[in-house]
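Reading the structure
Each chain, written out:
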Amino acid sequence: MKDTKKIFAFEDSLANVAAYEALGFNITVDDAANGIYYVEADLTDYDWLAVLAVLEDCEREGLQPAIQYEGRFIDWEDAIAFADRKACEEHIDRD
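Below is a short write-up of the structure. (Residues numbered from 1 in each chain as written. Predicted model: local features only at pLDDT ≥ 70, side-chain atom pairs only at ≥ 80, totals over all residues. Heavy atoms only, no water.)

Considering the overall build of the protein
The cut-off we apply is this: Think of it this way: any DSSP run of H or I at least four residues long counts as a helix, any run of E at least two long counts as a strand, and we number them from the N terminus. We take the radius of gyration over the C-alpha atoms and set the globule estimate at 2.2 Å times the residue count to the 0.38 power. A simple rule labels every residue: compare its accessible area, found with a 1.4 Å probe on the protein chains alone, to the largest value its type can have, and call it buried under 20%, exposed over 50%, or partly exposed in between. Note on areas: these come from Shrake-Rupley sampling with a 1.4 Å probe, and a residue is covered only by the protein chains present in the view. Counting rule for charge: Lys and Arg are taken as positive, Asp and Glu as negative, and neither His nor the chain ends is counted. For charged residues, the charge sits on one atom: NZ in Lys, CZ in Arg, CG in Asp, CD in Glu.
The number of helices and strands found in the protein is three helices and five strands. Across the protein, helices and strands are ordered from the amino to the carboxyl terminus as β-α-β-β-α-β-β-α. Since a compact globule built from 95 residues should have a radius of gyration of about 12 Å, the 14 Å found for the protein is in line with a globular shape. Along the three orthogonal principal directions, the C-alpha set of the protein runs to about 50 × 30 × 20 Å. Classification of the 95 residues of the protein by burial places 36% in the buried group. Per element, the accessible surface of the protein, about 5,900 Å² overall, is 46% carbon and sulfur. Where the 8 positive side-chain charges of the protein centre and where its 23 negative ones centre are 7 Å apart.

If you want it as structure tokens, here you go:
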């Protein structure tokens, strides 16, 4: 069984929602009364280098999503470093 890898955020900014949508995230309404959207990219079937690339795209757009991995949540402040570390581990395991 694969470990779930998701990049997600809760957003109230339509500009940010549009940026996430342009990056291929799925968008759903989380709280219609308060204009909160849930954005998610499920990257379970991708390697960590792909996760890192999506996070770097988010950074370029000024977005700050979190990662869900193995039931853990990694905040934006640690997300890129975490994905980079996991990508290195995958690369080492392949050699």
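Overview of the nonpolar core
Defined as follows: What makes a nonpolar core is a set of buried Ala, Val, Leu, Ile, Met, Phe, Trp, Tyr and Cys residues whose side-chain atoms join them at distances within 4.5 Å. It only takes one pair of heavy atoms within 4.5 Å for two residues to be counted as in contact.
Of all hydrophobic cores here, the largest spans 23 residues; its most connected members are F25, W48, L55 and I67. Residue assignment for this core shows that the elements contributing at least two residues are strand 1 (5-11), helix 1 (14-22), strand 3 (36-42), helix 2 (48-60), strand 4 (66-69) and helix 3 (76-94). When residues of this core are assigned to their parent elements, the largest contribution, six residues, is made by helix 2. Look past the residues within four positions of I67 in its chain and what remains in contact with it is K6, F8, W48, L55, R72, F73, I74, A79, F82 and A83.

So, the pattern of salt bridges
Selection criterion: Salt bridge, as used here: a side-chain nitrogen of Lys or Arg that lies within 4 Å of a carboxyl oxygen of Asp or Glu.
Tallying each qualifying case throughout the model produces three salt bridges. Between K6 and E40 there is a salt bridge, and its shortest N-O distance comes to 3.7 Å. Residue K6 is found in strand 1, and its partner E40 is found in strand 3; the two are separated by 34 residues along the sequence. Taken as a pair, K6 and E40 share a single burial class, namely buried. Here K86 and E89 are joined by a salt bridge, their closest N and O atoms 3.4 Å apart.

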